[in-house]
Amino acid sequence: MVVAQHVLGHIPVDLGFVGVGLFFALSGYLITSLLLDERSACGSVSLRSFYLRRGARLFPALLLVVLVCNALFLLQGDYGPLTGSLTALTYTANYAQILKPDLVPGYGPTWTLAVEEHFYVVWPLVLLWVTDRYGLRTALKATLAVCVAAFLWRAALALIHAPYSLVGIGSLERADALLYGCAAAIAVRLGWRPRTWVTLAGVVTIAVLPIAFRHETYDALVVGNVVLAVAGAAVVVGLDYAAPAWLRGALSLRPLVVVGLLSYGIYLWHGPLMRIAAEAGFSGRWWRVVVAVVAIAFAALSFRYLEAPVRAWARRRSPAPARVVAPETAARGAIP
């Protein structure tokens, strides 16, 4: 959705707004599931291994993109993105853009990686401390309380007309985008099982959202992001536990699976490559389509020769325990 938004340019609906929201909901759900399942299987969680696996998953691909694209920027005499690349590598791109909107040219989409990384650093520590000390039920209540607090904080910022960028891409301001997914992961481990209608309601809501909210308004940033976070969490947990057979089959089609495997790399490559192409005089929608295809090819090479070997090394150093699955869910084949 994000790549499509950047390829198509100015269109009536904001696909990137929805795509990022789904990305956050999935991340919160997945990371919380991994942490709680390791705790259930092993009695504790090795944070060293957790951070090693996350680093092996995320940083090598980002570093490669920065090295290759910065070299191409230098060949073009385009020095603007060099500073932005540093914010990308240090996972500060969101706050850099809040301070100065044009500080991260070419690497603008990496603001989402910054929000993710801040979440990865803080959430495991908080989740494990609360669950060990007070239990899962309290962890669920606390997570939902923080979601409400994040919404009220965004609303307060909107009332004083704070910058759109702060309301929209600050790590604290977008915390609930991930935490509703976290709450869903906790809830299913407390025995809740979503019905099929939860998935379908989430899909319908997400389909309507880009039409109902324009991303450039406070309404979208305050209310729209809450609706998107809840709907995204509903879709993710529904797909995991209660997806209709036809939907599971559609999402299991080989082309979609391949795009899923390469999605991180595609997301990283497409932005700087589009700037490089535009600086070389290849502008317009069809050229952006060509660049998107090139980004897929670069992502495939990165995955095959860099990301997969590094991840395999990290797994050997810190093997993750098998996921704990409810018997009725495993019987339905709901867990990938």
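Residues numbered from 1 in each chain as written. Predicted model: local features only at pLDDT ≥ 70, side-chain atom pairs only at ≥ 80, totals over all residues. Heavy atoms only, no water.

Q: Any chance you could explain the pattern of salt bridges here in plain terms?
A: Charged atoms that come close allow side chains of opposite charge to pair. Scanning all chains against the criterion turns up 6 salt bridges. Here Asp 78 and Arg 275 are joined by a salt bridge, their closest N and O atoms 2.9 Å apart. Taken together, the positions of Asp 78 in the loop between helix 3 (47-76) and helix 4 (80-89) and Arg 275 in helix 13 (residues 254-279) put the pair 197 residues apart, joining distant regions of the chain. (Salt bridge = Lys/Arg side-chain N within 4 Å of Asp/Glu carboxyl O. Helix = DSSP H or I, 4+ residues; strand = E, 2+ residues; numbered from the N terminus.)

Q: Explain unusual backbone geometry to me, please; I cannot follow it from the model alone.
A: Residues apart from glycine generally show negative phi values, whereas peptide bonds are mostly found in trans. Even without being glycine, Tyr 91 reaches a positive phi, approximately 55°. Mapped onto the elements, Tyr 91 comes out in the loop between helix 4 and helix 5 (93-99). Even without glycine at this site, His 161 takes up a positive phi of about 55°. As for its position among the elements, His 161 is in the loop between helix 7 (136-159) and helix 8 (164-169).

Q: It is not clear to me how a nonpolar patch on the surface should be interpreted in this structure. Could you clarify?
A: A grouping of Tyr 51, Val 121, Val 122, Leu 125 and Val 126 is seen on the molecular surface, where their side chains present a nonpolar patch of about 400 Å² in accessible area. Ranked by the residues each element gives to the nonpolar patch, the list is headed by helix 6 (residues 111-134), at 4 residues. Along the polypeptide, Tyr 51 turns up in helix 3. (Patch = residues over 30% accessible without salt bridge, like charges linked within 9 Å, V, L, I, M, F, W, Y side chains within 5 Å. Areas by Shrake-Rupley, 256 points an atom, 1.4 Å probe, with all protein chains shown as cover.)

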